[in-house]
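The primary structure of each chain is shown beneath.
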Amino acid sequence: MDRQDYWTEEYGRELIACYRDAIRIRSYSDEEGEVARMLVERMKALDFDEAYIDRTGNVVGRVGNGPRVVHFDSHMDNVQVNDPEDWIAPPFSADIVDGMVYGRGSVDMKGGLTASVFAAALAKRAGLLKGKTVYVTGSVCEEYCDGVCLEHFYRESGVRPDFCVICEPSDNLITLGHTGKVQARIRTHGISAHGSVPEKGLNAVYEMAEIITRVEELNRRLQGTEGGGTIVLSDISCLSASLNAVPSECEIYLDRRLRLGESVAQVKDELDGLIAGKRATWEPGTLVHTSWTGEKLVYEPAHEPWKIAENHELTKACNAAYEQVFGKAPERYDFWDFGTNAVVPVSMGVPTIGFGPGEYKLAHMTNEHCDPEKVTAACRFYTRLIGQL
């Protein structure tokens, strides 16, 4: 099917208008309701067969009724803006400056989100859905709880896709996988005493000091090893009876990123080593959030790194779609150094791959911006991919 048979410049303009509208709606984590309602209305206007907001607050759209199920996922939530005065354009204006759309979410990730919505609708118009069902989700609270939103969606809907595409920004490069992650808390246990007689107590902060040094040394060893990951202390706090007392407890939060070849089991051994010989314990860094609809989200941050094979059916389909859109075969693939909602379909054994508009190094940054032409190109890629699958 030639491009002219289904893609028009007018359709591209409609997509970019929706993309900019989505950026203008502030949708911090746990506050996605307004953009969710806008997306459902847009899906209905685009003639989706089904469009609704599920119990967790995810937007769910469906086109087609075939046995082969393809799932495109993008998250609706964005990180906060704390420096609006430093932006070239207001962070929720979606202004175009020098050909780039500026705004929070322009990269992460309202481009991939709206492109996938318009692609599913376009695939229906173009007759590409024979034997297929395509789901498009706009998911909640990804910035804090990778994948938990999809656990809720799959459980509530009963959907188990045959293929999953994560539309996170990759600068329109086919992305074969991403790093793993383990987050954990370490607590040291001291003995409280009055500040005037510290020798009668045991300072939990001092007890933690050597552990912090061990964390830093572990990170140096990891980074000095080929294929090694990273570990960082991302938060610290202590508990004391008053400002006149010896702290009885100190806690640090650790973020450990795993490269291919590393494992969650390996990290558990590392954590045991960090607290060896100290009055300390560690536990998983479980996080709890409440979605905008009131649903409890419990996140257990322990995920293996993953990579889909270059000769997998899904990768080959992406290669064909890429060549149709860009006029050449992919020159290289990418591999994300951050986590995504992919951790859930991957853990279910669902073949999963990544592709999305925007340079991911601009995500979360001041003056986040994206080339709108890359959003339209991503839409065309997704549409072609549906045809290939």
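Computed from a prediction, not measured in an experiment: that's the story for all the values here. (Residues numbered from 1 in each chain as written. Predicted model: local features only at pLDDT ≥ 70, side-chain atom pairs only at ≥ 80, totals over all residues. Heavy atoms only, no water.)

I would appreciate a short explanation of helix H2 (residues 33–45) in the present structure.
At 3.6 residues per turn, the α-helix brings residues three or four places apart onto the same side. A rise of 1.5 Å per residue sets the reference length of H2, with its 13 residues, at 18 Å; its end C-alpha atoms lie 19 Å apart and thus fit the reference within 8%. Listed in full, the buried residues belonging to H2 are Gly33, Val35, Ala36, Met38, Leu39, Val40 and Met43. On its buried face, H2 sits against helix H1 (9–24), strand E1 (50–53), strand E2 (59–64), helix H3 (110–125) and strand E6 (132–139). Where H2 ends, the next residue or the one after it, Asp47, has phi of about 70°, a positive value. (Helix = DSSP H or I, 4+ residues; strand = E, 2+ residues; numbered from the N terminus. Expected span 1.5 Å × (residues − 1). Buried < 20%, exposed > 50% of the residue type's maximum accessible area, 1.4 Å probe, protein only. Contact = heavy atoms within 4.5 Å.)

What exactly am I supposed to notice about the pattern of salt bridges here?
Opposite charge on two side chains permits them to pair, given that their charged atoms come into close proximity. What the rule picks out here adds up to 25 salt bridges. Among the ionic pairs, Lys374 bridges to Asp171, the shortest N-O distance being 2.7 Å. One end of the pair, Lys374, is in helix H9 (residues 372–388); the other, Asp171, is in the loop between strand E7 (163–166) and strand E8 (175–178), and 203 residues separate them in sequence. We classify Asp171 as partly exposed; its relative accessible area is 31%. Here Glu216 ties to Arg220 by a salt bridge, and the two come within 3.8 Å at their closest N and O atoms. One end of the pair is Glu216 and the other is Arg220, both in helix H5 (residues 204–223) and 4 residues apart, which spans about a single turn. A relative accessible area of 48% means that Glu216 is categorised as partly exposed. A single network of salt bridges, built from pairs that share partners, joins Arg185, Arg187, Glu249, Glu251 and Glu283. (Salt bridge = Lys/Arg side-chain N within 4 Å of Asp/Glu carboxyl O.)

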